[in-house]
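Residue-level structural notes
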Amino acid sequence: DEIDDGDETAGFLYVLRSLSEHPFVAEHRELLHKIGFTRDAIEPRLASAATESTYLMAGVELVASYRVANASAGKLENVLHRFFAPARIDVKLREEVGGFVEPREWFLVPLSAIQQAIKLIRTGEIAKSRYDLAKAQIVKY
């Protein structure tokens with residue numbers, strides 16, 4: 001929870017909400033979140049969101065961020081992606097240069113569940129838990 005002087009920042013986990021006006025996104029805005037990571041500052045990475053398929057070609061709102069120290073932010077992101085895999089949305093976006101891209105970091109999951117999962121990672125309890133899509137909550141084994 002706290003960064004000490006000797007800790008080395010490895011990056012940042014972040015949670016975003018899309019500002020797209022697409023009907024599906026607008027209807028599910030409070031549940032639709034992108035879980036990602038960056039090794040650098042978050043804000044510059046989001047500056048061009050409206051033109052990038054990974055951000056659903058729309059602006060985004062940063063709803064949570066976590067500084068990661070002494071661990072791999074990419075591996076933590078991967079743990080969260082696997083944990084919330086039942087809630088991943090399947091979407092295909094046509095690219096201007098042709099073909100399609102499928103952003104894989106968007107999940108229909110409440111922000112409170114993402115926050116809870118991060119706490120479970122910190123305590124190690126994530127291995128004894130799973131995300132129950134039908135209940136839209138984390139349950140223990």
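Now for a quick tour of the structure. Remember, predicted model here, so these are calculated numbers, not experimental data.

What counts, and at which threshold
Position numbers for residues count from 1 along each chain, tracking the sequence in the order it is written. With pLDDT at 70 or above as the cut-off, local features in this predicted model cover only qualifying residues; side-chain atom pairs require 80 or more to be listed or tallied, and sums for whole chains, interfaces and linings still use all residues. For side-chain calculations, the full set of non-hydrogen atoms in the structure is used, while hydrogens and water are omitted. Only DSSP runs of H or I with at least four residues qualify as helices, and only runs of E with at least two residues qualify as strands; both kinds are numbered from the N terminus onward. Only C-alpha atoms enter the radius of gyration, while the globule expectation follows 2.2 Å times N to the 0.38, with N the number of residues. We call two residues in contact when some of their heavy atoms are within 4.5 Å. Surface accessibility in these figures is a Shrake-Rupley result with a 1.4 Å probe; residues are shielded only by whichever protein chains are displayed. Only four residue types enter the charge count: Lys and Arg as positive, Asp and Glu as negative, with His and the chain ends excluded. A charge is said to be at NZ when it belongs to Lys, at CZ for Arg, at CG for Asp and at CD for Glu. Helix axes are fitted to C-alpha atoms over the stretch in contact, other axes to C-alpha atoms as well, and angles between N-to-C directions run from 0 to 180 degrees. Any angle between 65 and 115 degrees counts as roughly perpendicular, while under 35 counts as roughly parallel, over 145 as roughly antiparallel, and the rest as oblique. In this scheme the crossing of two helices becomes right-handed for a clockwise turn of the near helix relative to the far one and left-handed for an anticlockwise turn of less than a right angle. All amino acids are sorted into three groups, where Ala, Val, Leu, Ile, Met, Phe, Trp, Tyr, Cys and Pro are nonpolar, Asp, Glu, Lys and Arg are charged, and the leftover types, Gly among them, are polar. We place a 1 Å grid over just the protein atoms. Points where a 1.4 Å probe fits but has no way out form a cavity, open points with protein on both sides within 12 Å along at least 5 of 7 lines form a pocket, and any residue with an atom within 4 Å of a point lines it. Grid points are joined across faces, edges and corners, and a volume is the space filled by probe spheres set on the points. Any two strands with at least two DSSP bridges between them are considered paired.

1. Some points on the overall build of the protein chain
The helix and strand tally for the protein chain stands at 4 helices and 8 strands. Reading the protein chain from its N terminus to its C terminus gives the helix and strand order β-α-β-α-β-α-β-β-β-α-β-β. Here the C-alpha atoms of the protein chain give a radius of gyration of 16 Å, agreeing with the 14 Å that 2.2 N^0.38 yields for 141 residues. Structurally, the protein chain occupies a C-alpha span of about 45 × 35 × 25 Å along its principal axes. Considering only contacts in the protein chain between residues 6 or more positions apart, those separated by 24 or more positions represent 62%. Accessible surface computed for the protein chain: about 8,300 Å², of which carbon and sulfur atoms make up 49%. Within the protein chain, the 21 negative side-chain charges are centred at a point lying 7 Å from the centre of the 18 positive side-chain charges.

2. Thoughts on the packing of helix α3 (residues 73-83) against helix α4 (residues 111-123)
A pair of packed helices is characterised by two quantities: the angle between their axes and the separation of those axes. Put simply, α3 and α4 touch, their axes get as near as 11 Å, and they point 125 degrees apart. One finds that α3 runs oblique with respect to α4. Crossing handedness for the pair α3 and α4: right-handed. Between α3, through L76, V79, L80 and F83, and α4, the contact on the second element is made entirely by A117, I118 and I121. Looking at the contact of α3 with α4, its residues break down into 7 nonpolar, no polar and no charged.

3. As for the layout of surface pockets
One number sums up the size of the second largest pocket: a volume of about 150 Å³. What lines the second largest pocket is simply S20, H22, F24, V25, L56, I89, D90, V91 and L93. In terms of residue class, the lining of the second largest pocket is built from 6 nonpolar, 2 polar and 1 charged.

4. Examining the sheet that holds strand β1 (residues 9-18)
What holds strands together in a sheet is hydrogen bonding between their backbones, with the strands either parallel or antiparallel. Strand order in the open sheet formed by 4 strands is β3-β1-β2-β6, and the pairing between neighbours is antiparallel. Only two strands of the sheet have a single partner each, and these edge strands are β3 (60-69) and β6 (106-108). The average angle at which neighbouring strand axes cross in this sheet is 25 degrees, direction not considered. By the bridge criterion, 9 bridges tie β1 to β3 in an arrangement that is antiparallel. For G11, the partnering residue across the bridge sits in β3 and is V68. On top of the sheet, α4 reaches β1, β2 (32-38) and β3; it is set at about 5 degrees to β3, its chief contact.

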